[in-house]
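Reading the structure
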Amino acid sequence: MTMLRLFPLLALLLMTLPVHARDPHSYANLDQVRVSHLNLDLLVDFEREQLRGFADLTLDWRQPDARTLVLDSRELSIGQIWVTGSDGPWRAAQWALGESDPLFGQALTIELPGQPKRIRIEYHTAPTASGLQWLAPELTASGRHPFLFSQSQAIHARSWIPIQDAPAVRFTYDAQIRTPAGVLARMSAANDPRDAADGRYRFSMTQPIPSYLLAIAVGELEFRSLGARSGIYAEPALIEAAAHEFADTEQMIEVSESLYGPYRWGRYDLLVLPASFPFGGMENPRLTFLTPTVIAGDRSLVALIAHELAHSWSGNLVTNVDWNHFWLNEGFTSYVENRIVEALYGKRRADMERVLSQRSLHQELAELPPVDQHLVIDLHGRDPDDGMSAVAYDKGHWLLHTLEQRFGRELFDPFLRNWFDRGAFASVDTDDFVRFLRAELMDPHPGRFSAEELNAWLYQPGVPAHAIATRSEAFEAVDAQRDHWLAGTLAVDGIEVADWSTQEWLRFLDGLPDDLDGAQLEQLDERFKLTGTGNSEVAFLWYIKAIRAGHAPIRPRLNEFLVAIGRRKFVLPLYQELAKRGEPELEFARSVYAQARPGYHPITRASVDPVLQR
């Protein structure tokens, strides 16, 4: 069967995927009823640190005898629940909250008369909601206004909205948000850059999304245009630097469309959050959330923008059906990110970033149990954040790069584009991918990639023996200089770094032995001013190496670094390294954390608390 004749069949396959009756991280009865539309009406109360109002849910009933709706919630205070038919009056419904689980929250079970079209849930959030961070004015860049932002992935949406918090469920939404005057509200929906900060905002998301892509941010924000359909929001003190750093965004969109088809979400805007944001970025549709730690001044860290933009095809458009299949979101996205980087900045840079990715994977595999080294991971009963490892991102990327090598881009690029086209606005699992891969590439082109090789990537630990590691000539030159310096045949002043990119600095530092003596560290620091560098990626790796070598002079600037940022990728490993060394490093870590913890996001605090035994 030719590729062209097969497409309608595959389109039908993806549209008629089996109903996933249960999600291992959700209480929702997905086989009986699903939410198809959400309407929010919320007041942002900074004084009480609450969102307060109601959520209207439009219901799509799947079984004719179903009379119960089960939703996910965590720390929500439910006031009253109302039910209505298509045009009838609101009536009170019977409901109950189940036993609270520290990870999954509570099941909100609503008994309904018949199969109503809509229900209304009056509620408010808790100040400790895991998916929200409330910042006092003094924790913002200007110090003038408070700030609120959400982080719903993976299962934190339930802490600020009663919803079916499962990626198999997709819905459209509208929202009415009221805030104090002087702060601007933005959501993962249509945002009008011309909005005034008058305290009343309306939003609409017409494309169906899963709950983890619900997002809100409220703060003192300014906007700069980056192109016809892209722009950036940031606090006033950061807006000019951010607009300069991400000036290539519109070009990234065009490159992505040339590879993988039209961008289907309208605008693509960026929002730089305060430094406490726990991740590098979050791919909220139409409004990517970003950490300010990627503003390096030289656009050397904008691969993160390529990554979050790539989610507009991989993850947001074609979504993992549950978190056991997280690699379908992140492995595909990491591959697409690298292709965008190559198209914009050249093969040399793309190769360097792929080498760093593969190195990161090998380092993390050494710390993971074999069962967590599979691409398809069993997270039943576990926090889905446990699956957010280099395996999903980097091993997934490596698998797709291997397929590209085996089949060639002339076959693999159309395959991937059609994966996005045929699965658009659907939730899929690994079996769906395997069927598509076999039908599109493996069966029509036998002998290029075997079922046994595919199984090794998906269900076996480690990196398969047939995987080919990427080489980088630029890194080989970096390695040679480092090795000569370590051998004493090259003075520190002779290391040529004038044209080094951030990636080359990371390669240089990563290859340093952990037992460098104090004199060697001082040589490097005196020559290159690494302690206190404004490049967060370089600073992080330098501090890791210095901690391992017991280099105490970094402490004041390390203290500043840990207090100033809350990105979990940086702060968690640094605290872990300090804690491993015992006293006095552990005492130092605890004293720093006491200063920093009030400004960290709940997700970051939940990760660091056990390390320092709080």
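Residues numbered from 1 in each chain as written. Predicted model: local features only at pLDDT ≥ 70, side-chain atom pairs only at ≥ 80, totals over all residues. Heavy atoms only, no water.

Take the overall build of the protein next. Along the protein, the regular secondary structure elements total 18 helices and 21 strands. Scaling as 2.2 N^0.38, a compact globule of 614 residues should have a C-alpha radius of gyration of about 25 Å, and the protein matches this with 25 Å. Here the C-alpha coordinates of the protein stretch approximately 85 × 65 × 45 Å along the principal axes. Looking at the 614 residues of the protein, the share that counts as buried comes to 60%. Within the protein, counting contacts between residues at least 6 apart in sequence, those at least 24 apart form 71% of the total. Accessible area for the protein stands at about 23,100 Å²; split by element, carbon and sulfur atoms hold 50% of it. (Helix = DSSP H or I, 4+ residues; strand = E, 2+ residues; numbered from the N terminus. Rg over C-alpha atoms; globule rule 2.2 N^0.38 Å. Buried < 20%, exposed > 50% of the residue type's maximum accessible area, 1.4 Å probe, protein only. Contact = heavy atoms within 4.5 Å. Areas by Shrake-Rupley, 256 points an atom, 1.4 Å probe, with all protein chains shown as cover.)

For the bond running from Gln153 to Ala154, omega is 5°, close enough to zero to count as cis. Structurally, Ala154 is set in the loop between strand S10 (147-150) and strand S11 (171-178). The residue after Glu583, namely Pro584, is reached through a cis peptide bond having omega 0°. Here Pro584 lies in the loop between helix H16 (568-580) and helix H17 (585-596). One non-glycine residue, Arg299, adopts positive backbone phi at about 60°.

Here we take up the nonpolar core. Counting 151 residues, the largest nonpolar core has Ile110, Met187, Phe246, Trp327, Leu416, Phe420 and Phe433 as the members making the most contacts within it. Listed in part, the 46 residues of the second largest apolar core include Phe508, Leu521, Ala539 and Phe561. (Core = buried A, V, L, I, M, F, W, Y, C linked by side-chain atoms within 4.5 Å.)

Scanning the entire structure with this criterion turns up 34 aromatic pairs. These aromatic residues form a ring-pair network of at least three members: Trp327, Phe332, Tyr335, Phe412, Phe415, Trp419, Phe433 and Phe436. Directly above the ring of Tyr345 sits Arg349, whose terminal nitrogen or CZ lies 4.5 Å from the centroid. (Phe/Tyr/Trp six-rings, centres within 6.5 Å; stacked < 30°, edge-to-face > 60°. Lys NZ or Arg CZ within 6 Å of the ring centre and 35° of its normal.)

In this section: the sheet that holds strand S1 (residues 33-45). Strand order in the open sheet formed by 7 strands is S5-S4-S8-S2-S1-S11-S13, and the pairing between neighbours is mixed. Lying at the two open borders of the sheet, with one neighbouring strand each, are strand S5 (91-92) and strand S13 (200-209). The pairing of S11 with S13 spans 7 bridges and is classified as antiparallel. Within S13, the position partnered with Arg178 by the bridge is Arg200. (Pairing = 2+ DSSP bridges.)

Attention now goes to helix H8 (residues 409-422). Over its 14 residues, H8 extends 19 Å from the first C-alpha to the last, a length consistent with the 20 Å expected when each residue adds 1.5 Å. Considered for burial, the residues of H8 that qualify are Leu411, Phe412, Asp413, Phe415, Leu416, Asn418, Trp419 and Phe420. (Expected span 1.5 Å × (residues − 1).)

Moving on, we get to the pairing of strand S4 (residues 77-84). Sheet analysis places S4 next to strand S8 (residues 118-124), joined by 6 bridges and oriented antiparallel. Paired with Ile78 across the strands is Tyr123, a residue of S8. Examined bridge by bridge, S4 and S5 share 2 bridges and lie antiparallel to one another. Each residue of the ladder has a partner; that of Val83, found in S5, is Arg91.

Quick look at the pattern of salt bridges now. Within this structure, the stated rule accounts for 43 salt bridges. Residues Glu453 and Arg406 are paired through a salt bridge, measuring 2.9 Å at the closest nitrogen-oxygen approach. Of the two residues, Glu453 is situated in helix H10 (residues 451-459) and Arg406 in helix H7 (residues 390-407); the sequence distance between them amounts to 47 residues. The buried category is assigned to Glu453, whose relative accessible area is 17%. A relative accessible area of 27% means that Arg406 is categorised as partly exposed. In the salt-bridge network here, residues are joined through shared partners; they are Arg339, Glu342, Glu404, Arg409 and Asp413. (Salt bridge = Lys/Arg side-chain N within 4 Å of Asp/Glu carboxyl O.)

One open sheet holds the 3 strands; their spatial order is S3-S7-S6, and the pairing between them is antiparallel. Only two strands of the sheet have a single neighbouring strand rather than two, namely strand S3 (68-73) and strand S6 (94-97). When the angles between neighbouring strand axes are averaged without regard to direction, this sheet yields 20°. Across 6 bridges, S3 lies against strand S7 (residues 106-111) in antiparallel orientation. Paired with Asp72 across the strands is Ala107, a residue of S7. (Axes fitted to C-alpha atoms, helices over the stretch in contact; angles between N-to-C directions.)

Let's shift gears to a negative patch on the surface. Taken together, Asp493, Asp515, Asp517, Glu522 and Glu526 make up a surface patch of like negative charges. As for its placement among the helices and strands, Glu526 is situated in helix H13 (residues 518-528). (Patch = residues over 30% accessible without salt bridge, like charges linked within 9 Å, V, L, I, M, F, W, Y side chains within 5 Å. Lys, Arg positive; Asp, Glu negative; His and termini not counted. Charge placed at Lys NZ, Arg CZ, Asp CG, Glu CD.)

Checked against the element boundaries, Thr125 lands in the loop between S8 and strand S9 (132-135). Here the side chain of Thr125 touches Leu51 through a polar contact of 2.9 Å, landing on its backbone nitrogen. Those residues in contact with Thr125 that lie beyond four places of it in its chain are Glu49, Gln50, Leu51, Glu75, Leu76, Leu132, Ser159 and Trp160. (Polar contact = N/O pair within 3.5 Å; in protein donor to acceptor, adjacent residues only side chain to side chain.)

Nothing here speaks to function; it is all geometry.
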